[in-house]
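# Chain and residue survey
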Amino acid sequence: MAKTQNSAAGGKPAAETIEPILNVDGVTLQYKTKEHLITATYRVGFDVFPADRFVLLGPSGCGKSTLLKGIAGYMKPVEGAIRLKGREISDPGPDRVMVFQEFDQLLPWKTVKQNITFALRNGKKTDNAAEADDIAMEYINKVKLTGFADTYPHMLSGGMKQRVAIARGMAMEPDVLLMDEPFAALDALTRLQMQKELLQLWEDTHFTVLFVTHSIEEALIVGSRILVLSPHPGQVKAELNAHHLNHDNVGQKGFADVQQRIHDMLFADRILEDEIQAADRA
Amino acid sequence: MSTSSTRKKDSLPELVIRPEFELSDIEQAQTGDVARKLSLVERIWNINGVRKAVILLTLVAAWQAYTVGLDVEPLMLPRFTISFVALYEALFHGDLIYKIWFSVKVLLIGYGAGLALSAVLILWATANRFGSDFISMATAMFNPLPAIALLPLAMLWFGLGTASLVFVLIHSVLWAVALSTHNGFENVSQTLRMIGRNYGLHGIRYVAKILVPAALPSILAGMKIGWAFAWRTLIGAELVFGASSGSGGLGWFIFESSQNLETEGVFAGLFAVILIGIVVENVVFRNVELKTVNRWGMQS
Amino acid sequence: MSNVPNILTRPEFEASEIGKAVTSDVARKLTLFERISDMHSVRKLTILVLLVALWELYTRWSEVSPLILPRFSSTAYALYLAVAGEQLLIMVWNSVTVLIAGYIIGLVIATILTTAATTTRFGSDILSTLTAMLNPLPAIALLPLALLWFGLGADAIIFTLLHSVIWPVALNAHVGFMSVSETQRMVGRNYGLKGLIYVGKLLIPAAFPQILMGLKIGWAYAWRTLIAAELVFGGSISDTTETSGGLGWFIFANQMDLQIPHVFAGLFMVILVGVFVENVIFNFIENRTVRRWGMQAR
């Protein structure tokens, strides 16, 4: 990250002079259920640049979570390639840390601090216990959970658990932070609060984040660049800029226009997806 | 990568702004494979029963090959075929079927009585706190006491015969069921309790319509453990005292065969024990679970 | 439509300053008596004392034959005698060492089976076939075969103990591993855990509630099997010298000699060992692990 940022210092760099940190190139992903083989994404391609708050947006069934799992290394593409800093991804690794939607992503048998030091030490970030402790406390302070460092996760509220997960992800200082609908299971007020805090944290370090959501509003607030995906199978529909939009713009004319534009894009040719899902559930 | 705290604000990477684009029409996905059915072979191999049957046949074949190939002394390990024939003979030409019936009858009486008693205890415990304390005390004390250890006393009190067996069976069922039912009741969510009272349920109707269904996973788990203990106790008791009581059941059949050095008879008896166990666990309890907790999505 | 109630519009208001709540009872401490009677141990102890008193009084007043039900006091005295003079403790130790040997070997075999079952689908099929068949088979039913194969002695008992431990432990551990949430698996792999480290640091703690349940059931079966096997042994070998038998044999021998207070004393010992293992050892492990982590299985 250091090299690209030096060459980019001063002024806004043009897209050509700077290398994308993550390159997704014509990726098709498939997975098996009990009865079917599902194609989740079909020849999806995009570039993520350093400091991007890159959002994958689409309705359920567009393969955005599957795509994130592919980038994390949990699935191999059937065709195409995913490259991180020019190197093809083959396995999960601590250079791409994932923050999940589910609250059970925290290990229940470890305290808040231990969850972070566990990641730091197993992810080969540091071998020194004291240093791991320091880093963990720094990020616990950042997400305002100082008083809960020695608490076990089952005592925390949903929002606090997600804060810990984000702190754990950021403490690893990954090349790209992958967030899979991290706020979807939270109540509306907490979600708003968490979005603000995430933007605040981004202001501090300009980390690169890949964010999956199905909420158009959340995409516009959180994202700087939005990839719109169509469902069945997931294909690229558009790539839009949203770096100029945040909470303050919600309800304003410009914000509402983009919102409407994406909405039309997504629901113009909507396909009923319930059949396959119902068949799989049975 | 340096740690974030030392990084200067002006050296932070800046956003790379690039032009937007929108695809007017998306090419049709060409794989034709958006949702393909799995092939026949894939699906047959996915059937658990098929794979398990293959394993079972392999094990039986290994047993037979070992005993035939090495000419093992039939007293130590009879061939599978001989054991199987012994089972067939005992079932259809011997009195094994009556011995099974004898065991099952005693088991059902003991199990039923144990369930009834634990229901009484549990009702008492839900009605008042003293009952609840008594149950947790008694289960903590008696649940670790193997029922079979009471058999010597039972024979003293009730003499040789069915009554003694029923007594120890009750002991083996009662505490296991009472313990997990009691725990189940205590863990019924406040929300469900309030809903029940909201709709005006009281007393026995409250127990039957709210507590029992809500705690059913625990109750079933207790009944399964109770069955397992009872089955073990019965076979053990028949082995120990079948000799003294004379008219025995399945355990007595095994004991008798081993005393007469008819090892194939021992295996025949074990087959019968396994079959009954499988029927009760995989047919009776499985069906009850499928009809209730699985259908309600409550399995623990 | 005219008899439908309409919205009644009232003026809005906003409280500028909220008054202090005046009841001093927002959080009152309970009185001493309330707190003592809330203590489980106190209430349970009371019940225990009541039961013992009832037993003693009943046997004194109804003149019930001591062969049927001895007094509590004579039972307690018999227990004292047996512990002090008749080497009951040695017999308990005999039982416990056999139990521990069988339990530990059983755990090792169960671990191998579970490892095979968790890493390969073939192993998983073998385990589920074997457990479905052998778990419902009471271990004690194998004792006649064990006697045939290993002769009279500890080996035969250990063989049956193995059988009673392996299946519930392997079955529960396997189910536990299988039901570790997909999210937690992905988290582990995200931080680069692989192979044995992945199993030790992620799968085992995540499946611990189930594993512990298997250990408890395995213990319960083994304890029952041991006592039963010793009772059978009592029947098979009557010439055992007094100190070489176990707890089950102590009960059996005293019943044969119509030493009923001693039979009760033996039963007390069985309860004590059982309560110790379940309420001290397993409770300690539970408090340190699944309960602290908020993971206890319902």
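Residues numbered from 1 in each chain as written. Chains lettered and ligands numbered in written order. Predicted model: local features only at pLDDT ≥ 70, side-chain atom pairs only at ≥ 80, totals over all residues. Heavy atoms only, no water.

### Observations regarding the overall build of chain C
Scanning chain C for helices and strands turns up twelve helices and zero strands. For chain C, long-range pairs separated by at least 24 residues make up 68% of all intrachain contacts whose partners lie at least 6 apart in sequence. For chain C, the accessible area works out to roughly 16200 Å², and carbon and sulfur atoms hold 67% of it. (Helix = DSSP H or I, 4+ residues; strand = E, 2+ residues; numbered from the N terminus. Contact = heavy atoms within 4.5 Å. Areas by Shrake-Rupley, 256 points an atom, 1.4 Å probe, with all protein chains shown as cover.)

### A closer look at the interface of chain A and chain C
The interface of chain A with chain C comprises 25 residues on the first partner and 19 residues on the second. Carbon and sulfur atoms make up 62% of the surface buried where chain A meets chain C, a total of about 2100 Å² over both sides. Summed over the shared surface of chain A and chain C, the number is zero salt bridges. Elements with a minimum of two residues in the side of chain A that touches chain C: strand 6 (96-99) and helix 3 (112-122) of chain A. Per-class residue counts for the side of chain A that touches chain C are 14 nonpolar, six polar and five charged. (Buried area = accessible area lost by both parts, 1.4 Å probe. Salt bridge = Lys/Arg side-chain N within 4 Å of Asp/Glu carboxyl O. Nonpolar A, V, L, I, M, F, W, Y, C, P; charged D, E, K, R; others polar.)

### Comments concerning the interface of chain B and chain C
Counting from both sides, the interface comprises 55 residues of chain B and, opposite them, 56 residues of chain C. Taking both partners together, chain B and chain C bury about 5100 Å²; carbon and sulfur atoms supply 73% of that area. Of all residues in chain B, the largest losses of buried area upon contact with chain C belong to B:Met137, B:Pro144 and B:Arg232, amounting jointly to 12% of the total for that side. Linking chain B to chain C there are one salt bridge. Residue B:Arg51 is joined to C:Asp125 by a salt bridge in which the shortest nitrogen-to-oxygen separation is 2.4 Å. At the boundary of chain B with chain C, the tally comes to eight residue pairs in polar contact (both at pLDDT 80 or more). For the side of chain B that touches chain C, the secondary structure elements donating two or more residues are helix 2 (48-69), helix 5 (129-142), helix 6 (151-158), helix 10 (216-245), helix 11 (250-259) and helix 12 (263-294) of chain B. (Polar contact = N/O pair within 3.5 Å; in protein donor to acceptor, adjacent residues only side chain to side chain.)

### Some remarks on the domain arrangement of chain A
Residues and elements named next belong to chain A. Once the domains are mapped, chain A shows domain 1 (2-95 + 176-281) and domain 2 (106-173). Tallying the contact residues gives 13 residues for domain 1 and twelve residues for domain 2. Summed over both sides, the interface between domain 1 and domain 2 buries roughly 1000 Å², with carbon and sulfur atoms accounting for 72% of that surface. At the junction of domain 1 and domain 2, the tally comes to two salt bridges. The shortest N-O distance in the salt bridge between lysine 144 and glutamate 197 comes to 3.9 Å. For the side of domain 1 that touches domain 2, the secondary-structure elements that each account for two or more residues are strand 7 (176-180) and helix 6 (188-205). In the side of domain 1 that touches domain 2, the residues fall into nine nonpolar, three polar and one charged. (Domains from an automatic or database assignment.)

### So, the sheet that holds strand 10 (residues 235-241) of chain A
If you trace the seven strands from one edge of the open sheet to the other, you get 6(A)-7(A)-8(A)-3(A)-9(A)-10(A)-1(B), paired in mixed fashion. Both edges of this open sheet fall to strand 6 of chain A together with strand 1 (21-22) of chain B, since each of them pairs with a single strand only. Both strand 3 (residues 53-57) of chain A and strand 8 (residues 209-213) of chain A contribute to a ladder of five bridges, which runs parallel. Counted as the bridge partner of A:Phe54 is A:Leu210 from strand 8 of chain A. (Pairing = 2+ DSSP bridges.)

### Quick look at the domain arrangement of chain C
The domain architecture assigned to chain C consists of domain 1 (32-63) and domain 2 (79-288). Between the C-alpha centres of domain 1 of chain C and domain 2 of chain C there is a distance of 33 Å.

### Considering the pairing of strand 4 (residues 79-84) of chain A
Here is the key point about a regular strand: its side chains alternate between the two faces of the sheet. Residue and element names in this part refer to chain A. Pairing between strand 1 (residues 22-32) and strand 4: five bridges, direction antiparallel. Residue threonine 28 lies in a different strand from strand 4, and its bridge partner there is glutamate 79. Across two bridges, the pairing between strand 4 and strand 5 (residues 87-88) is antiparallel. Looking at the pairing, arginine 83 lines up with glutamate 88 of strand 5. The antiparallel pairing of strand 4 with strand 5 creates a hairpin that spans two residues between the two strands, and lysine 85 there sits at a positive phi of about 50 degrees.

### Overview of the pairing of strand 3 of chain A
Residue and element names in this part refer to chain A. In terms of residue burial, strand 3 counts as a mostly covered element, since five of its five residues are buried. Of the two faces of strand 3, the one lined by Arg53, Val55 and Leu57 and the one lined by Phe54 and Leu56 are each fully buried. Two elements, strand 3 and strand 9 (residues 225-230), share four bridges in a ladder whose sense is parallel. Residue valine 55 lies in a different strand from strand 9, and its bridge partner there is isoleucine 226. (Buried < 20%, exposed > 50% of the residue type's maximum accessible area, 1.4 Å probe, protein only.)

### Considerations on the packing of helix 11 of chain B against helix 12 of chain B
Residue and element names in this part refer to chain B. Taken N-terminus to C-terminus, the directions of helix 11 and helix 12 make an angle of 160 degrees; their axes are 8 Å apart at the nearest point. It follows that helix 11 is roughly antiparallel to helix 12 by the angle criterion. Here helix 11 and helix 12 pass one another in a crossing that is left-handed. For the pair helix 11 and helix 12, the contacting residues are Leu250, Phe253, Ile254, Ser257 and Ser258 in the first and Gly265, Val266, Gly269, Leu270, Ala272, Val273 and Ile276 in the second. Per-class residue counts for the contact of helix 11 with helix 12 are eight nonpolar, four polar and no charged. (Axes fitted to C-alpha atoms, helices over the stretch in contact; angles between N-to-C directions. Parallel < 35°, antiparallel > 145°, perpendicular 65-115°, else oblique. Left-handed = near helix turned anticlockwise from the far one by under 90°.)

### Some words on the packing of aromatic side chains
Each aromatic ring pair is summarised here by two numbers: the centre-to-centre distance and the angle between the ring planes. Summed over the entire model, instances satisfying the criterion amount to 26 aromatic pairs over all chains. Aromatic side chains A:Phe46 and A:Phe54 sit 5.0 Å apart centroid to centroid with 20 degrees between the ring planes, which places their arrangement in the stacked category. By relative accessible area, which is 4% here, A:Phe46 ends up buried. A relative accessible area of 0% places A:Phe54 in the buried class. Its end group placed over the ring of C:Tyr221, B:Arg232 keeps NZ or CZ at 4.0 Å from the ring centre. (Phe/Tyr/Trp six-rings, centres within 6.5 Å; stacked < 30°, edge-to-face > 60°. Lys NZ or Arg CZ within 6 Å of the ring centre and 35° of its normal.)

### As for helix 9 (residues 203-214) of chain B
All names here are of chain B. Over its twelve residues, helix 9 runs 16 Å from end to end, which matches the ideal 16 Å to within 8%, given 1.5 Å per residue. Listing the buried residues of helix 9 in full gives Tyr206, Val207, Ile210 and Leu211. The buried residues of helix 9 occupy an angular sector of 125 degrees when projected down its axis, which confines them to one face. Pointing more than 90 degrees away from the buried face of helix 9 are the exposed residues Ile204 and Lys209. Buried positions along helix 9 lie against helix 4 (96-127), helix 7 (162-186) and helix 8 (190-198). (Expected span 1.5 Å × (residues − 1). Arc of directions from axis to C-beta.)

### Here's the deal with the confidence of the model for chain A
All names here are of chain A. Averaged over all residues, the pLDDT of chain A equals 81, while 88% of them reach at least 70. When pLDDT is averaged over each element of chain A, strand 8 comes out on top at 91 and helix 1 (residues 2-7) at the bottom at 39. Contacts from residues 1-14, a stretch scored under 50 in pLDDT, to residues over four places away or in other chains number eleven contacts. (pLDDT = per-residue confidence, 0-100.)

### Quick word on the layout of surface pockets
Within this model, the second largest pocket holds a volume of roughly 990 Å³. Lining the second largest pocket are 29 residues, and of these B:Trp63, B:Phe267, B:Ile274, C:Met133 and C:Leu134 sit closest to its centre. Looking at the lining of the second largest pocket, the elements with two or more residues in it are helix 2, helix 3 (80-92) and helix 12 of chain B together with helix 4 (88-119), helix 5 (121-134), helix 6 (143-150) and helix 7 (154-178) of chain C. (1 Å grid on protein atoms, 1.4 Å probe; cavity = no way out; pocket = protein on both sides within 12 Å on 5 of 7 lines; lining within 4 Å. Points joined across faces, edges and corners; volume = space filled by probe spheres on them.)

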